[in-house]
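# A look at the structure
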Amino acid sequence: MRTREAAGATYITGKQDDPACQFLSVMLILWFCFVYGVTANPQESPAHLAGQARAESEQLEEDARNFLNELDARGSQECTEATMSNWKYASDITEEHREEKAAAQLKYAAWEKEAWGRVRKWNGKWETLSDPFLRRQFKFMSVLGTAALPKQDLEKYNNLVTEMSTIYSTAKVCQYKDPKSCKLELEPDLTRILRTSRDYGELEHVWKMWRYSSGRRIRDHYKLFVRLANKAAKLNGFDNMGEMWVYPYESETFRADLAELWEQLKPLYQQLHAYVRRKLREKYGERRISRRGPIPAHLMGNMWSQDWSEVNDLAVPFPGKASIDVTPQMVSMGYTPRRMFELSEEFFASLNLTRMPSEFWEHSIIEKPQGRDLVCHASAWDFCNGKDFRIKQCTDVTMSDLLTVHHEMGHIEYYLQYKHLPGVFRSGANPGFHEAVGDVLALSVATPKHLQKIGLLQEVHDDQEEDINFLLKMALEKITFLPFGYLMDLWRWDVFSGKTHEDNWNCAWWDLRFKLQGIKPPVQRSEYDFDPGAKYHIPANVPYIRYFVSFVVQFQFHKALCMKAGEYDPLNPAKPLHKCDIYQSTDAGNLLGKMLQLGSSKEWPEAMEALTGGRRMDASVIREYFKPLENWLKKDNERHGEFVGWETDEVLCTSELPREEAKSEPSGGAAPALGLMLVAAVTLLHSLSL
């Protein structure tokens, strides 16, 4: 047997048919391969390869971390500049500020697109990172949003939203009995009329003319907006804008879950609806409010019938008992908007949460300034730099606005708690969480126990009838909102998907309002109207399902915090959930603070679990809170033979112009008519350039 070496390998020559030789040949081959592999290529040993892979992985993680930190620093600067321009326009609506805002939006969008392009270069690599904190940042940044639009389309999109918001924010209505005086604004004028007037004709006039001056003038803008919004969604990999809005909830079953939540809540809402319908019928007569029909929408004390608490004086079960509407006490005690905000801050501080920074008090707008137009809708602002946080609110000295103050301050507290996180995680665990935080505190603030502690109630009695009065007042705010909070985006999702065609937008809106809310318009509506546009969040393009989610989870949060504070014991009738006040409980505050500090760095079920111990939204806690009232409502409706539910043969909406408008335009229609001509001109220009 002899051997020869060739090309770096050892071959055997000789007798190939001898078994012993064959065995020896195989053994020699294996031995040479082993020696050659170990001695000639030690770098390919398993241990070395594992170490090399580990080093490469660590280097990739470090590179990713440095890359994200760089983007975050630049992104914060760009966000601060853009937010400042938005603030200037929203707090002082001028053409100069509008142009500045438009330029800033385009500049920020260009930065977002640049950052998105750089993130996409990490595709195929970021998914392999071992650090979930880094992977989640890349996942969030892989969705660009409307900045994905080409520059010309993005400019059109931004201008449309600005135009619609401007129409809404500057709309004015003529007085009921003085059609030549047309200076009534939504805040505070129309809001006060709806809250205090019991004149059926005046309420109908205000309701109808607001929609004529705002929503109807927005309709053609909205058609163009939907097309561009869907184009942006498709560029982000979604079928339509509705799908992109649902994405932050990180759930494949989100819409089905919402439907299930509403089914949980509907029995309580229907009992409340039947009771209020009877009380309003007693006030306005059966000719205007039938025994089995929907309730006219203009009689609820609210422009959109989303909150019925302002008709509590008509609906209160036991009028002789003490009222928990402390508006008169606030006025008599000289409350100011500043004092209302300071009161809210003190509540947060009592929980061991963070006080407002000096920039908040220096830059916030908490009263409506004179001599300029602004977006009065209450809002909280994060200027992306970790120190500048503001609220803009045209505050009125009422108990309702006191609760709104706590809601907006809740946003600010959330901002403060997660300001240490990268910008991409500076948001609620899901959008509904952000809306819930201030409302959780408001559930305590509204209790007679708390109002007595802060000197707005003199006495609190352990009285079942007073409890029912309190729970009904809360239900008129909380329970009545739920179907409205649900249907706003049900309508928009179907608009974005094309399920609801633009020729049926307004009638589809009233189909939902009848089906879910059991209300009807005071006058027949048509497809010449655009009643969804008479609600701020439609022209301003703010998703709304977050508020429905908020109204569900806030009660789950409230229950967990009340148990932590020792204020609620399910087994102790002396400590019911509706009487809980977490004020001054640092244990409850610390628990809440830990959840807030997560921002959106964890999926929302984890944040939910950190606070409540559960991972699902559950509407049963609302039924638990209102159980004494629900039992009382059932008995009271049965005693009066009240029909629970609603039905009608009326045509609420038609594709044709309503008969009364075919004859003549409503009073004060000259200015809106001119606005419609301008809208038509703008529409033509946009149509030609699309």
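First, a word on scope: everything that follows refers to the structure included in this document. (Residues numbered from 1 in each chain as written. Predicted model: local features only at pLDDT ≥ 70, side-chain atom pairs only at ≥ 80, totals over all residues. Heavy atoms only, no water.)

Tallying secondary structure elements over the chain gives 27 helices and eight strands in all. Per-residue burial for the chain yields a buried fraction of 55% across its 690 residues. Considering only intrachain contacts with a sequence separation of at least 6, the fraction spanning at least 24 residues in the chain is 77%. Element-wise, carbon and sulfur atoms account for 51% of the exposed surface of the chain, whose accessible area totals about 30,500 Å². (Helix = DSSP H or I, 4+ residues; strand = E, 2+ residues; numbered from the N terminus. Buried < 20%, exposed > 50% of the residue type's maximum accessible area, 1.4 Å probe, protein only. Contact = heavy atoms within 4.5 Å. Areas by Shrake-Rupley, 256 points an atom, 1.4 Å probe, with all protein chains shown as cover.)

So, on to the pattern of salt bridges. As enumerated under the stated definition, the model contains 47 salt bridges in all. Here Glu114 and Arg74 are joined by a salt bridge, their closest N and O atoms 3.8 Å apart. Pair noted here: Glu114 is in helix α3 (residues 95-120) and Arg74 is in helix α2 (residues 46-91), with a separation of 40 residues, a long-range link. Measuring nitrogen to oxygen at the nearest pair gives 2.7 Å for the salt bridge that ties Arg216 to Asp529. Within this pair, whereas Arg216 is found in helix α8 (residues 215-235), its partner Asp529 is found in the loop between β7 (525-526) and α21 (545-564), the two being separated by 313 residues in sequence. For the pair Arg216 and Asp529, a shared accessibility class is recorded, and that class is buried. Linked by salt bridges that have partners in common, Glu70, Arg74, Glu78, Glu81, Lys107, Glu114 and Arg118 make up one network. (Salt bridge = Lys/Arg side-chain N within 4 Å of Asp/Glu carboxyl O.)

Counting 190 residues, the largest nonpolar core has Trp210, Tyr222, Phe225, Leu258, Trp491, Phe548 and Phe626 as its most contacted members. Contact partners of Leu258, with chain neighbours within four places excluded, come to Tyr486, Trp493, Ile545, Phe548, Val549 and Met617. With 13 residues, the next largest nonpolar core counts Ala64, Leu68, Val119 and Met141 among its residues. (Core = buried A, V, L, I, M, F, W, Y, C linked by side-chain atoms within 4.5 Å.)

Our next topic: the packing of α21 against helix α22 (residues 586-596). In a packed pair of helices, the relevant descriptors are the angle between the two axes and the axis-to-axis distance. Between α21 and α22, whose axes approach to 8 Å, the crossing angle comes to 140°. It follows that α21 is oblique to α22 by the angle criterion. As for how α21 packs across α22, the hand of that crossing is right-handed. Residues Phe557, Ala560, Leu561 and Lys564 of α21 touch α22, and the partners they reach there are Asp587, Ala588, Leu591, Leu592 and Met595. Tallied by class, residues from the contact of α21 with α22 come to seven nonpolar, no polar and two charged. (Axes fitted to C-alpha atoms, helices over the stretch in contact; angles between N-to-C directions. Parallel < 35°, antiparallel > 145°, perpendicular 65-115°, else oblique. Left-handed = near helix turned anticlockwise from the far one by under 90°. Nonpolar A, V, L, I, M, F, W, Y, C, P; charged D, E, K, R; others polar.)

Counted according to the given criterion, the structure contains 48 aromatic pairs. When the centroid spacing of 5.1 Å and the interplanar angle of 85° are considered together, the rings of Trp245 and Phe496 count as edge-to-face. Placement of Trp245 in helix α9 (residues 241-246) and of Phe496 in helix α19 (residues 481-497) is noted, with a sequence separation of 251 residues between them. Grouping residues by exposure puts Trp245 and Phe496 together as buried. The ring of Trp493 carries the charged tip of Arg255 above its face, separated from the ring centre by 4.4 Å. Note that Arg288 overlies the ring of Tyr200, its terminal NZ or CZ placed 4.1 Å from the centroid. (Phe/Tyr/Trp six-rings, centres within 6.5 Å; stacked < 30°, edge-to-face > 60°. Lys NZ or Arg CZ within 6 Å of the ring centre and 35° of its normal.)

By the secondary structure assignment, Glu408 is in helix α15 (residues 399-417). Judged by its relative accessible area of 6%, Glu408 falls in the buried class. The sequence separation of Glu408 and Asp439 amounts to 31 residues, and the corresponding C-alpha distance is 8.8 Å. Other than its neighbours up to four places away in sequence, Glu408 contacts Ala378, Ser379, Ala380, Ile391 and Gln393.

All told, the structure shown has five disulfides when counted by the stated rule. Between Cys376 and Cys394 runs a disulfide, and the two sulfur atoms are separated by 1.9 Å. Its torsion about the S-S bond being -85°, the disulfide of Cys376 and Cys394 is classed as left-handed. Taken as a pair, Cys376 in the loop between α14 (358-363) and β4 (379-382) and Cys394 in the loop between β5 (389-392) and α15 lie far apart in primary sequence, 18 residues in all. Assigned by exposure class, Cys376 and Cys394 land together as buried. A sulfur-sulfur distance of 2.0 Å marks the disulfide that ties Cys562 to Cys580. Around the S-S axis, the bridge from Cys562 to Cys580 shows a dihedral of about -95° and counts as left-handed. You can see Cys562 sitting in helix α21 and its partner Cys580 sitting in the loop between α21 and α22, a full 18 residues away along the chain. If one numbers only the bonded cysteines of the chain, in the order they occur, the disulfide pattern is 1-5, 2-3, 4-6, 7-10, 8-9. (Disulfide = S-S within 2.5 Å.)

Next up on the list: the pairing of β5. Of the two faces of β5, the one carrying Phe389 and Ile391 and the one carrying Arg390 and Lys392 are both buried. As judged from the four bridges shared by β4 and β5, these two strands associate in the antiparallel manner. Bridged to Ser379 within β5 is Lys392. Connecting the antiparallel pair β4 and β5 is a turn made up of six residues, with Cys384 showing a positive phi of about 70°. (Pairing = 2+ DSSP bridges.)

Structurally, the position occupied by Ala104 is in helix α3. Taking the relative accessible area as the measure of exposure, Ala104 reaches 13% and is therefore buried. With 25 residues separating them along the chain, Ala104 and Cys79 place their C-alpha atoms 9.6 Å apart. Ignoring any residue separated from it by four or fewer positions in sequence, one finds Ala104 in contact with Ala82 and Ser85.

Turning our attention to unusual backbone geometry. The amide bond that connects Glu187 to the next residue, Pro188, takes the cis arrangement and shows omega of 0°. Mapped onto the elements, Pro188 comes out in helix α6 (residues 186-196). Although it is not a glycine, Ser305 sits at a positive phi angle of roughly 60°. With respect to the helices and strands, Ser305 occurs in the loop between β3 (295-296) and α11 (312-315). On the accessibility criterion, Ser305 (1% relative accessible area) is buried. The residue Cys384 is not glycine, and still its phi comes out positive at about 70°. Along the chain, the position of Cys384 falls in the loop between β4 and β5.

It is worth spelling out the environment of Val276 at this point. Relative to the elements of secondary structure, Val276 occurs in helix α10 (residues 254-284). Between the C-alpha atom of Val276 and that of Val311, which follows or precedes it by 35 residues, the distance is 9.0 Å. Ignoring anything within four residues of it in the chain, the contact list for Val276 reads Trp308 and Leu476.

Below, the discussion takes up helix α18 (residues 464-478). Every α-helix carries 3.6 residues per turn, so stepping three or four residues along brings you back to the same face. Between its first and last C-alpha atoms α18 spans 20 Å; for 15 residues at 1.5 Å apiece the expected length is 21 Å, and the two agree. The buried count for α18 comes to 13 of 15 residues, which makes it a mostly enclosed element. Sitting at the head of α18, Asp463 places a side-chain oxygen 2.8 Å from the backbone nitrogen of Glu465. (Expected span 1.5 Å × (residues − 1). Polar contact = N/O pair within 3.5 Å; in protein donor to acceptor, adjacent residues only side chain to side chain.)

Attention shifts here to the packing of helix α16 (residues 431-445) against α21. At a minimum axis separation of 7 Å, α16 and α21 run at an interaxial angle of 50°. Taken together, α16 and α21 sit at an angle that is classed as oblique. Considering how the two elements wind past one another, α16 and α21 form a crossing that is right-handed. For the pair α16 and α21, contact is made by Pro431, Gly432, Phe433, Glu435, Ala436, Asp439, Val440, Leu443 and Ser444 and by Arg546, Tyr547, Val549, Ser550, Phe551, Val553, Gln554, Phe555, Phe557, His558 and Leu561, respectively. Partitioning the contact of α16 with α21 into residue classes produces twelve nonpolar, five polar and three charged.

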